[in-house]
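# Residue-level structure breakdown
Listed below, chain by chain, are the residues.
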Amino acid sequence: MAGVAASGGSVAADTYAKARHWLLAPSWLVLGFFVFAPVCVMLIYSFLTKEFRGGVIWEFSFAAYDQFFFDRGLFGDAEPTLQWTYISVFWRSIWQAGLATILSLLIGFPTAYFIATRPEGSRAFWVFLVTIPYWVNLLIRTVSMKFLLRDEGPLNELLINIGLINDPLHIIYTNLAVQLGLFYSYLPFMVLPIYASIERYNFTMSEAAADLYATKWTALRRIILPAVKPGVIAGCILVFVPSLGAFLAPDLLGGAKNFMIGSLIEEQFKGNAGNWPFGAAASMVLLTMVVVILLIFARQQRRAEAQS
Amino acid sequence: MKLLTTSAMALALLANAAAADGELVVYHWFEYMPAELLEKFETETGIDVTIDTYDSNEAMLASLKAGGMGTYDVAVPGDYMVAIMAGEGLLDTIADGELTNKGNIAPEWADPSFDPGRTHSIPYQWGSTAFAVDTAAYTGDINTTDLLFNPPAELSGKINMLDSQGEVMALASLHMDIPQCSSDRGQLQALNDMLQEAQTHWASFNSDTSREVLVSGDVTVGMTYDGFAAKARAERDTIKYAFPTQGYVVWMDNVVLLKDAPNRANALIFMDFLLEPENIAAVSNYARYGLGVSGATEFLDPDLATAPEANPPATAGKGAFIEVCDQETQAVYDQIWTNLKN
Amino acid sequence: MSANTDVKTYTGFRFMTILCLVILYAPLAVVTVYSFNASSSITVWEGMSLRWYVDVFVGPESAKFKQAAFNSFSIAIIAASLATAIATAAATAIVRGGRYKLRVPSLGLITLPIMVPEIVLAVSTLIFFNSIGFTRGYLTILVAHTAFCIPFAYLPIQARMQGIEDTYEHAAMDLYATKAKAFRRILLPLMMPGIISGFLLAFIVSLDDFIITNFVKGAGIETLPTAIFGSVKQGLKPNIMAISTMLLGLSVVMVTISHFVSKWDNTK
């Protein structure tokens, strides 16, 4: 997604140059009003004062960010120290999303490689196979995962029947279940960009290299991997970023106790907490993190383009 | 494209217009209204009912304050929440004579402290909140709040709590034998420390699955309502509802008329409908709670009166309503709750 | 070339690919199989039956699901149509509009909805609607969906348009046509595969959305995902599996159409 913004179409045809502002107006209007403006309003809200029982008072305040970063004790009058409660929620999210990304990479890279090295005619079919599950409703996929992983679910039943285990594995409502859920949600995002970059890769060079080096695994590590790195990074970002703000997987598979950022934010608006400015502030922190990741990625991408 | 836009607008308007006539929008707890009764109401009155659900009093309040006012006609808050909502100016006043069946309200519920004179609400159901235990998996004494807040090692990781601040804090206060909404710093600190320790033994916070997790055996101890415990027992007969010696929470849910209700007249018809003994008895038979209307006994399922969930043993502590804290204490409660959940 | 130096095949990669596909399909397959279970318990298998499919259409919850399905489909069709029209115009300006200052910011704005985390988009939309006093309901869902569907419609359209050389339009204009005519007669038909893919993509994205819908929906207005979420919170039921299987089937049909449409090359 970041790559799109960076490249953005290189054809410089200007057939419709005169009408371009009229053609752009609808998208500016709709996106400006319903995406850009809301994000700005949210930024304002994060600096407002929370009303006693939910809702906001239009008074400028740093309280939401203060609550996020500083711990002032149970009664709000202790010396401020660093607030670990929310930082740990963010840290847990990063950790969970990171593990899900690694898991996706471990499975996704070989898959992408395998598909990209198939005869040209059959590649589209393999890509098609990998993409179909992505088009299934995320909620349904998460629910299916929950069903599969339950203590008395089909997975445990299968493992017990073939004699691998005696007692059911307790996976549901653990961190592992959340990681599996995230991994499962975004796996196709890992496969596709890696596939695209391997497909473009010219194999004659690494074939020559493989003759030079001792093993072809060395060739993979030294020659192919660096060449397809942009695809790998794109895949990792496409899995990591949505995992970071995920709501369904932690909520349904994690038992609503091991909070991730998504649930923390949701609770401020729909749950018990009812603290809008804080929810807006937490959203802003998440958004900032994602923007930083995307900017670093875009810079790397540009550097890679400049090199080649 | 113009054609597309116009037709889109037309369709959207159409969909909205359908919501204006003969409608009633109810904001209700999950699993609290039998479908047959709703159907009966719709056929009797020709009013189309839409139900949206919530899973805690606090979540309902938050959602109403977050732009929900003016879209719902009635809601079903618990006792203390009726007082809070009235204080926030979220409730409309029911004038004398607007409810034909107001006289049906049982005398003991006709003038409660949370809504003197019943000017905003009518009784819906009353019951208690404690916890249920699968006695097949745990054989010790169950009538103690230690099972939630100081559990034996074998129950660690086998406990589900309600995702409801009011009920958890009230029960925790009973456990520690401190007054609810205490403003004493030492007591509040102790409450926080106790909950932080207890929290390490809890598997999950869930209200809407609190029955399901008990029946499926995912947890052994589950904080829940008496009616849910009764339904769980029907599905797994080793499940037993506890009446802790330290005390337990009692509550009454009430149907309230919301301010700016888009279908105020229909809301009053709905309230009158729920004051008919036969109708409210149908709710009790379904949800397994008590009711606050006179003359309903003949319509009630006879099992209900003898159900163990409705008859506290002699050893049971006192039942306590949830109290409304002042702003300062509530801020500390919010902080404790946040510490607990993250 | 010896087997040792054939860098196109690595031991284990085939296995990993199969593992990947098994992981992707196993949960879906299990739910599909269990949706045909005759038992009302989700754990016990009691033989094949279409009972739960019947239940979806005539059972006690059928009215709720029918209304949710109507909302979901009407919103998806309207939002995807609007988004596709807006995206087509925008793509024309960006790919065929020459170089100008607003070009890059426009592209940034269009792709904004896929860069902002969904939960953030949901929260900001809710706050925004609330602060301008836009009462939550069917219309709020529709508007939000139209906005975030635009990039999904845009990307395939842009990709397609970049693949079409502008010589076709120039030739047309040299011969007889005005720009508007060249657009309508030449560019638009050539872009059709991209437009159709874009529409289908936007349609599916709208149909699938849970998080944003859950935040901006009004009292009692449900779409299929929010209705399903409400149901599964209290435990997975067989009728939900039947609905899931039907949606799965629909998704497969739509991707298949999109797949073949995108391969259809009408520039020759």
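Let me sum up the structure you'll find in this document. (Residues numbered from 1 in each chain as written. Chains lettered and ligands numbered in written order. Predicted model: local features only at pLDDT ≥ 70, side-chain atom pairs only at ≥ 80, totals over all residues. Heavy atoms only, no water.)

## Some remarks on helix H4 (residues 79-87) of chain B
Residues and elements named next belong to chain B. For H4, the set of buried residues is Asp-79, Tyr-80, Met-81, Val-82, Ile-84 and Met-85. Residues of H4 that are buried make contact with helix H3 (57-68), strand E4 (121-134), helix H6 (165-176) and strand E9 (248-257). Just downstream of H4, Gly-89 is the residue with a positive phi angle, here 75°. (Buried < 20%, exposed > 50% of the residue type's maximum accessible area, 1.4 Å probe, protein only. Helix = DSSP H or I, 4+ residues; strand = E, 2+ residues; numbered from the N terminus. Contact = heavy atoms within 4.5 Å.)

## Some words on the pattern of salt bridges
Residue and element names in this part refer to chain B. By the definition in use, this model includes 16 salt bridges over all chains. Here Arg-211 makes a salt bridge to Glu-31, at a shortest N to O gap of 2.7 Å. Of this pair, Arg-211 sits in helix H8 (residues 210-215) while Glu-31 sits in the loop between strand E1 (23-29) and helix H2 (35-45), placing them 180 residues apart in sequence. A single burial state applies to Arg-211 and to Glu-31, both of which are buried. As a salt-bridge pair, Lys-231 and Glu-31 come within 3.4 Å of each other at their nearest N and O atoms. With Lys-231 in helix H9 (residues 226-235) and Glu-31 in the loop between E1 and H2, this pair connects stretches of sequence that are 200 residues apart. Glu-31 carries the same exposure label as Lys-231, and that label is buried. (Salt bridge = Lys/Arg side-chain N within 4 Å of Asp/Glu carboxyl O.)

## Description of the interface of chain C and chain A
By a frequent convention, interface size equals the accessible area lost on bringing the separate parts together. Taken together, the 102 residues of chain C in the interface contact 96 residues of chain A. Each partner contributes to the roughly 9,400 Å² buried at the junction of chain C and chain A, and carbon and sulfur atoms together form 76% of this total. Across the chain C-chain A interface, the total number found is 6 residue pairs in polar contact (both at pLDDT 80 or more). Looking at side-chain class alone, the side of chain C that touches chain A contains 68 nonpolar, 23 polar and 11 charged residues. (Buried area = accessible area lost by both parts, 1.4 Å probe. Polar contact = N/O pair within 3.5 Å; in protein donor to acceptor, adjacent residues only side chain to side chain. Nonpolar A, V, L, I, M, F, W, Y, C, P; charged D, E, K, R; others polar.)

## Side note on the packing of aromatic side chains
The tally for this structure, following the rule as stated, stands at 49 aromatic pairs over all chains. In this structure an aromatic cluster arises from ring pairing among B:Tyr27, B:Trp29, B:Phe30, B:Tyr32, B:Tyr54, B:Tyr72, B:Tyr124, B:Tyr225, B:Phe228, B:Trp251 and B:Tyr289. Between B:Lys231 and the ring centre of B:Tyr286, over which it is positioned, the NZ or CZ distance is 4.1 Å. Directly above the aromatic system of C:Phe65 lies the positively charged group of C:Lys64, at a separation of 5.2 Å from the ring centroid. (Phe/Tyr/Trp six-rings, centres within 6.5 Å; stacked < 30°, edge-to-face > 60°. Lys NZ or Arg CZ within 6 Å of the ring centre and 35° of its normal.)

## Some details on the interface of chain B and chain A
Listed as interface residues are 39 residues of chain B and, on the opposing side, 27 residues of chain A. Together, the buried faces of chain B and chain A total about 2,700 Å²; carbon and sulfur atoms form 52% of this surface. Per-residue buried area on chain B facing chain A is highest for B:Arg185, B:Lys341 and B:Asn342; these three make up 21% of the total on that side. The tally of links from chain B across to chain A stands at 2 salt bridges. Counting across the chain B and chain A interface gives 2 residue pairs in polar contact (both at pLDDT 80 or more). Residue assignment for the side of chain B that touches chain A shows that the elements contributing at least two residues are H3, helix H7 (185-199), strand E6 (202-205) and helix H13 (327-341) of chain B. Element by element, the count of residues in the side of chain B that touches chain A is highest for H13(B), at 10 residues. Looking at the side of chain B that touches chain A residue by residue, the classes come out as 15 nonpolar, 15 polar and 9 charged.

Geometric values such as these leave the question of function open.
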